[in-house]
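# Analysis of the macromolecular model
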Amino acid sequence: MSWWTDGDADDEDEFDAFDESTIRVRPNPKGNRPRTKTRPAHEDAVPGRIMTVDRGRFSVLVGEDTPDEREITASRARELGRTPIVTGDWVDLVGDSSGEVGTLARVVRVHERSTLLRRSADDSDAVERVIVANADQMLIVVAAANPEPRARLIDRYLVAAFDAGITPILCITKTDLADPSQLLAEFACLDIRVVTLSRDEVPIEELTELLVGHTTVTVGHSGVGKSTLVNQLVPGADRATGVVNTVTGRGRHTSSSTICLRLRAADGRSGWIIDTPGVRSFGLGHVDPANILKSFAATARIPDGPPPGGIPLTEAHDWEIVDRVEAGELGDSGRARLESLQKLIAHTA
Ligand SMILES: Nc1nc2c(ncn2[C@@H]2O[C@H](COP(=O)(O)OP(=O)(O)O)[C@@H](O)[C@H]2O)c(=O)[nH]1
Ligand SMILES: [Mg+2]
């Protein structure tokens, strides 16, 4: 196990089933001639949004926001091979899409994705696994205590978000257990939205406002309170939380599936939350190290006034960012983040 894994085996996640490395590209034996068996066009296909994936079966929302809206079950059409289909994907379906009990539609196409969140098994592994499609925000959930927050893990999530073109939001839970100000000071150099909450004070309105109109993926170590929060934001979501089951005495510890849930503001506006189980490791082997410093510079909290170095930090070259952080332009927080990111780069190289 590498130095950064969380070391809790509770949340063996389901993503490995969608390992893209197993896709085989068969050479076309007839050279450049297209295959004679052309794919059916499926002109009658209906679009839908993948809500969750369970052992090869997809739950798909069809007719979204129409009187015919329904959640149907679908399988993968053979012609798709092992193309990953993940929560958040938009797909086309054929067959029985009525959603009646016992019916099964077929997914025949995956739409082009706006973003794709991935992870590697570890940092030296370039093989990536797809986690979630089409999210535009990442809610990085971290507990002020229990489990102890680790800035390095937050850096990992930030890098994954930046790499995927997803806007990060930092959400600190359990502020009733510890003061998060020291942790927040570590990230003061970054211009990212921060929301704090405690057992008794959850800023539902503020969070809802941040989430409507977006598709937001939650990430964070198991036990930080992701599912508790999702249940508060989406009444009826019924995500399993870390409460010990009084019947079996065992921890009903996990929400073991990645699931897409609709959130509604009081005025009817909606947004989507994709709750993921605590991912045991979040390798960044697939990330281009060159992107890491760029992302850091792009979110750096630029000091007011003309920059001492002449050009804005966001336009500086990698080595200039390093020079300027070392010169103190982003304070202690900037130095700490840079050091952490450089360690991540050393591990992914
Ligand atoms: N003290 C405290 N406990 C919390 C808070 N939020 C969640 N918890 C508890 O933390 C445990 C883990 O929560 P859960 O939502 O299952 O975490 P997840 O694994 O990230 O989905 C549960 O026992 C929750 O009741 C909080 O703000 N304060
Ligand atoms: Mg959970």
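Keep in mind that what you see is a predicted model, and the values were worked out from it rather than measured.

Here 4 bridges tie strand β9 (residues 167-173) to strand β10 (residues 193-196), and the two strands are oriented parallel to one another. Bridging from a neighbouring strand, Leu-170 pairs with Val-194 of β10. The β-α-β motif built from β9, the intervening helix α2 (residues 181-186) and the parallel element β10 has right-handed crossover chirality.

So, about unusual backbone geometry. Geometrically, the link from Asn-146 to Pro-147 is a cis peptide bond, its omega value of 0 degrees lying close to zero. Position of Pro-147 relative to the elements: it lies in the loop between β8 (137-143) and α1 (151-164). A positive phi angle is found at Asn-146, which is not glycine, with a value near 55 degrees. In this structure, Asn-146 sits in the loop between β8 and α1. Positive phi, normally seen in glycine, also occurs at Lys-174, with a value near 60 degrees. Following the sequence through the fold, Lys-174 ends up in the loop between β9 and α2.

Below, the discussion takes up the site of ligand 1. Taken together, 16 residues surround ligand 1, and among them Asp-176, Gly-223, Lys-226, Thr-228 and Gly-242 come closest. Lys-174 places a polar side-chain atom, nitrogen or oxygen, 3.0 Å from an oxygen atom of ligand 1. Relative to its unbound accessible area of 590 Å², ligand 1 is 87% covered by the protein chains. Residues belonging to the shell around ligand 1 are distributed by class as follows: 3 nonpolar, 9 polar and 4 charged.

Quick look at the nonpolar core now. In terms of nonpolar packing, the biggest core is built from 51 residues, with Leu-117, Met-138, Ile-140 and Phe-296 touching the most fellow members. No other element matches α1, which puts 10 residues into this core. Structurally, this core is a two-domain feature, drawing no fewer than three residues from each of domain 2 (116-275) and domain 3 (289-348). Setting aside its immediate chain neighbours within four residues, Ile-140 contacts Ile-154, Tyr-157, Leu-158, Pro-168, Ile-169, Leu-170, Cys-171 and Val-219. Formed by 21 residues, the second largest nonpolar core is a distinct cluster that contains Leu-197, Leu-211, Leu-229 and Ile-273.

A few words on the packing of helix α5 (residues 289-299) against helix α6 (residues 318-326). Axis separation between α5 and α6 bottoms out at 10 Å; the angle between their running directions is 50 degrees. With respect to α6, the axis of α5 lies oblique. Crossing of α5 against α6: the hand is left-handed. When α5 is examined against α6, the residues Ala-290, Leu-293, Lys-294, Phe-296 and Ala-297 are found in contact with a partner set consisting of Asp-318, Ile-321, Val-322 and Val-325.

Further remarks concern the packing of aromatic side chains. On inspection of all chains with the given rule, the structure shows 0 aromatic pairs. For the cation-ring pair, Arg-337 lies above Phe-187, with the distance from its terminal atom to the ring centre recorded as 4.2 Å.

Further remarks concern the confidence of the model for the chain. Per-chain confidence: the chain averages 82 in pLDDT, with 81% of residues scoring 70 or above. Below a pLDDT of 50 lies the segment residues 1-26, which in the model reaches 64 contacts outside its immediate sequence neighbourhood of four places, other chains included. Across residues 244-253, confidence stays below pLDDT 50; counting only partners more than four residues off in sequence or on other chains, it has 14 contacts.

Now for α1. With 14 residues, α1 extends 20 Å from end C-alpha to end C-alpha; this agrees with the ideal 20 Å at 1.5 Å per step. Across the 14 residues of α1, 12 count as buried, placing the element largely inside the fold. Buried within α1 we find Ala-151, Leu-153, Ile-154, Asp-155, Arg-156, Tyr-157, Leu-158, Val-159, Ala-160, Ala-161, Phe-162 and Ala-164. Note on α1: the residue one or two positions beyond its end, Gly-165, has a positive phi of about 75 degrees.

So, about the pattern of salt bridges. Applying the stated rule across the entire model yields 17 salt bridges. Its salt-bridge partner being Arg-49, residue Glu-64 comes within 2.9 Å of it at the nearest N-O pair. You can see Glu-64 sitting in the loop between β2 (57-62) and β3 (70-76) and its partner Arg-49 sitting in strand β1 (residues 46-54), a full 15 residues away along the chain. Between Asp-92 and Arg-109 there is a salt bridge; the shortest N-O distance is 2.7 Å. Taken together, the residues Asp-92 in strand β4 (residues 90-95) and Arg-109 in strand β5 (residues 105-110) connect sequence positions 17 residues apart. Judged by relative accessible area, Asp-92 falls into the buried class, the value being 11%. Overlapping salt bridges, with partners in common, bring together Asp-65, Glu-69, Arg-262 and Arg-264 in one network.

What follows concerns the packing of helix α3 (residues 204-211) against helix α4 (residues 226-233). The relative placement of two packed helices comes down to the angle between their axes together with the axis-to-axis distance. Viewed as axis vectors pointing N to C, α3 and α4 meet at an angle of 85 degrees, and their least axial separation amounts to 11 Å. With respect to their mutual orientation, α3 and α4 come out roughly perpendicular. Across from Ile-204, Leu-207, Thr-208 and Leu-211 in α3, the residues of α4 making contact are Leu-229, Gln-232 and Leu-233. Residues that form the contact of α3 with α4 fall into these classes: 5 nonpolar, 2 polar and no charged.

Each value, and the rule that gives it
Each chain carries its own residue numbering, running from 1 in the direction its sequence is written. Each chain gets a letter, beginning with A, and each ligand a number, beginning with 1, in the order they are written. At least 70 in pLDDT is required for a residue's local features to be given in this predicted model, at least 80 for side-chain atom pairs to be given and counted, and no such filter applies to totals for whole chains, interfaces and linings, which use all residues. Computation of side-chain values covers all heavy atoms of the structure but excludes hydrogens and water. Note: two strands are recorded as paired if DSSP finds a minimum of 2 bridges between them. The way it works is that DSSP assigns letters per residue, a run of H or I at least four long becomes a helix, a run of E at least two long becomes a strand, and they are numbered from the N terminus. A clockwise course of the path from the first strand over the helix to the second, judged with the strands pointing away from the viewer, identifies a crossover as right-handed. One heavy atom within 4 Å of a molecule or strand makes the whole residue count as near it. Two N or O atoms form a polar contact when they lie within 3.5 Å of each other; inside protein one atom must be a possible hydrogen donor and the other a possible acceptor, and for residues adjacent in sequence the pair counts only when both atoms belong to side chains. Each accessible area is a Shrake-Rupley result for a 1.4 Å probe, and residues are judged covered by the shown protein chains and nothing else. In this classification, Asp, Glu, Lys and Arg are treated as charged, Ala, Val, Leu, Ile, Met, Phe, Trp, Tyr, Cys and Pro as nonpolar, and every other residue, Gly included, as polar. Side-chain atoms within 4.5 Å link the members of a nonpolar core, which is a set of buried Ala, Val, Leu, Ile, Met, Phe, Trp, Tyr and Cys residues. Think of it in three bands: with a 1.4 Å probe and only protein chains considered, a residue is buried below 20% of the maximum accessible area for its type, exposed above 50%, and partly exposed in between. How far each domain reaches was decided by an automatic or database domain assignment. Residue contacts are defined here by distance: any two heavy atoms, one from each residue, within 4.5 Å place the two residues in contact. Simply put, an axis is a line fit to the C-alpha atoms, just over the touching stretch for a helix, and the angle between two N-to-C directions goes from 0 to 180 degrees. Each angle receives one of four descriptions, namely roughly parallel if under 35 degrees, roughly antiparallel if over 145, roughly perpendicular if within 65 to 115, and oblique otherwise. Note on convention: the crossing is left-handed when the near helix lies turned anticlockwise from the far helix by less than a right angle, right-handed when the turn is clockwise. Note on aromatic pairs: the rings of Phe, Tyr and Trp (six-membered ring only in Trp) are paired at centre separations within 6.5 Å, and the planes decide the class, stacked below 30 degrees, edge-to-face beyond 60, tilted for the rest. Either the NZ atom of lysine or the CZ atom of arginine qualifies as a charge over a ring when it sits within 6 Å of the ring centre and within 35 degrees of the ring normal. By definition, pLDDT measures how confident the predictor is in each residue, and it falls between 0 and 100. Helix span is expected to be 1.5 Å times the residue number reduced by one. One side-chain nitrogen of Lys or Arg within 4 Å of one carboxyl oxygen of Asp or Glu is enough to make a salt bridge.

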